[in-house]
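If you want the building blocks of each chain, they are given just below.
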Amino acid sequence: DTGVSQDPRHKITKRGQNVTFRCDPISEHNRLYWYRQTLGQGPEFLTYFQNEAQLEKSRLLSDRFSAERPKGSFSTLEIQRTEQGDSAMYLCASSFSGTSYNEQFFGPGTRLTVL
Amino acid sequence: KQEVTQIPAALSVPEGENLVLNCSFTDSAIYNLQWFRQDPGKGLTSLLLIQSSQREQTSGRLNASLDKSSGRSTLYIAASQPGDSATYLCAVQGDKLIFGTGTRLQVFP
């Protein structure tokens, strides 16, 4: 399967713990995006990378959140000192910016529950 | 600031009906508009992408139109089926996607 993959699919953690999520984009895609979706809402943009460079970060991405994309391949999203308000679905998407489409393809998401 | 609104928020219809889902956005300076489907607890599946220079796109029973000047897009679903039950999201694209809150569709037999 050559789609976007995310790991883990589900994560339950206690408040105050650190968690890390991984996203593997479609192999030829140079852009990688992170979004967060809470129940009943549309996804909200967090950050995106073009190759290994992080080009934009949303104000939603507090200093407890950090994202990396070493070598421009997979990406990790870490949340430190988790809070109950961090409970959400974290979605990753990738695209190729070399066309006018820049169509984004999404992974299955990681559902985070903070107890 | 771009804002995206979808109407209706929820829709319940009998099988076979033709449906219209609406999406409106406040800033017409967009590159593309994408329609997605999301099943409960799952990721997003891209249905259609309309470039800003295009007026519509079709895929099977789905047709999406775009009117940039009025800030509107419409997703038309022909001959709805129970398998179409899902949440439908529209998103406008600059460098990132800005989503509406979705239309939750239920098609009953």
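Look up: the structure comes first, before these words.
Just so we're clear, the structure is a prediction, and the values are computed from it rather than from any experiment.

Cut-offs and rules
Residues numbered from 1 in each chain as written. Chains lettered and ligands numbered in written order. Predicted model: local features only at pLDDT ≥ 70, side-chain atom pairs only at ≥ 80, totals over all residues. Heavy atoms only, no water. Helix = DSSP H or I, 4+ residues; strand = E, 2+ residues; numbered from the N terminus. Buried < 20%, exposed > 50% of the residue type's maximum accessible area, 1.4 Å probe, protein only. Lys, Arg positive; Asp, Glu negative; His and termini not counted. Salt bridge = Lys/Arg side-chain N within 4 Å of Asp/Glu carboxyl O. Core = buried A, V, L, I, M, F, W, Y, C linked by side-chain atoms within 4.5 Å. Contact = heavy atoms within 4.5 Å. Buried area = accessible area lost by both parts, 1.4 Å probe. Polar contact = N/O pair within 3.5 Å; in protein donor to acceptor, adjacent residues only side chain to side chain. Nonpolar A, V, L, I, M, F, W, Y, C, P; charged D, E, K, R; others polar. Pairing = 2+ DSSP bridges. Axes fitted to C-alpha atoms, helices over the stretch in contact; angles between N-to-C directions.

Caption draft 1: Structural view of the side chain of A:Arg69. On the secondary structure map, A:Arg69 appears in the loop between strand E7 (65-68) and strand E8 (75-79). The side chain of A:Arg69 sits in the buried core without any salt bridge; A:Glu52 is the nearest counter-charge, 7.0 Å away.

Caption draft 2: Fine view of the nonpolar core. Core analysis: the largest hydrophobic core is formed by 22 residues, its most contacted members being B:Phe25, B:Leu33, B:Trp35, B:Leu75, B:Ile77, B:Tyr88 and B:Leu105. Among the elements of the structure, strand E3 (19-25), strand E4 (32-38), strand E5 (44-51), strand E7 (62-67), strand E8 (72-77), strand E9 (86-93) and strand E11 (103-108) of chain B are those that each provide at least two residues to this core. Beyond its immediate sequence surroundings of up to four residues, B:Leu105 is in contact with B:Leu11, B:Val13, B:Leu19, B:Ile77, B:Asp84, B:Ser85, B:Ala86 and B:Tyr88. In this structure, A:Ile26, A:Leu32, A:Ala67 and A:Leu77 belong to the second largest nonpolar core, which totals 19 residues.

Caption draft 3: Seen up close, the interface of chain B and chain A. Taken together, the contact between chain B and chain A spans 19 residues of the former and 22 residues of the latter. The largest per-residue losses of area from chain B upon contact with chain A belong to B:Leu44, B:Asp95 and B:Lys96, which jointly make up 29% of the total buried on that side. The partner of B:Lys96 in a salt bridge is A:Glu56, with the nearest N and O atoms 2.8 Å apart. Summed over the shared surface of chain B and chain A, the number is 7 residue pairs in polar contact (both at pLDDT 80 or more). Elements with a contribution of two residues or more to the side of chain B that touches chain A: E4, E5, E9 and strand E10 (97-99) of chain B. A per-class count over the side of chain B that touches chain A returns 6 nonpolar, 10 polar and 3 charged.

Caption draft 4: Highlighting the sheet that holds strand E1 (residues 5-7) of chain A. All names here are of chain A. Reading across the sheet, the 4 strands line up as E1-E3-E8-E7 and stay open at both edges, with antiparallel pairing between neighbours. Each edge of the open sheet is held by one strand with a lone partner, namely E1 and E7. The average undirected angle you get between the axes of adjacent strands in this sheet is 15°. Relative to strand E3 (residues 19-24), E1 is paired through 3 bridges, and the arrangement is antiparallel. Residue Gln-6 lies in a different strand from E3, and its bridge partner there is Cys-23.

Caption draft 5: Up close: the side chain of B:Asn32. Looking at where B:Asn32 falls in the secondary structure, it is placed in strand E4. Judged by its relative accessible area of 1%, B:Asn32 falls in the buried class.

Caption draft 6: Layout of the pattern of salt bridges. Scanning the entire structure with this criterion turns up 6 salt bridges over all chains. Taking the shortest distance from any N to any O, the salt bridge between A:Asp86 and A:Arg64 comes out at 2.9 Å. Of this pair, A:Asp86 sits in the loop between E8 and strand E9 (88-95) while A:Arg64 is found in the loop between strand E6 (53-57) and E7, placing the two residues 22 residues apart along the sequence. The class for A:Asp86 is buried, based on a relative accessible area of 3%. Looking at A:Arg64, the relative accessible area reads 10%, which means it is buried. Here B:Arg37 makes a salt bridge to B:Asp39, at a shortest N to O gap of 3.0 Å. Judged by relative accessible area, B:Arg37 falls into the buried class, the value being 18%. According to the relative accessible area criterion, B:Asp39 is partly exposed, its value standing at 28%. Here the salt bridges share partners, and the residues they tie into one network are A:Arg64, A:Glu83 and A:Asp86.

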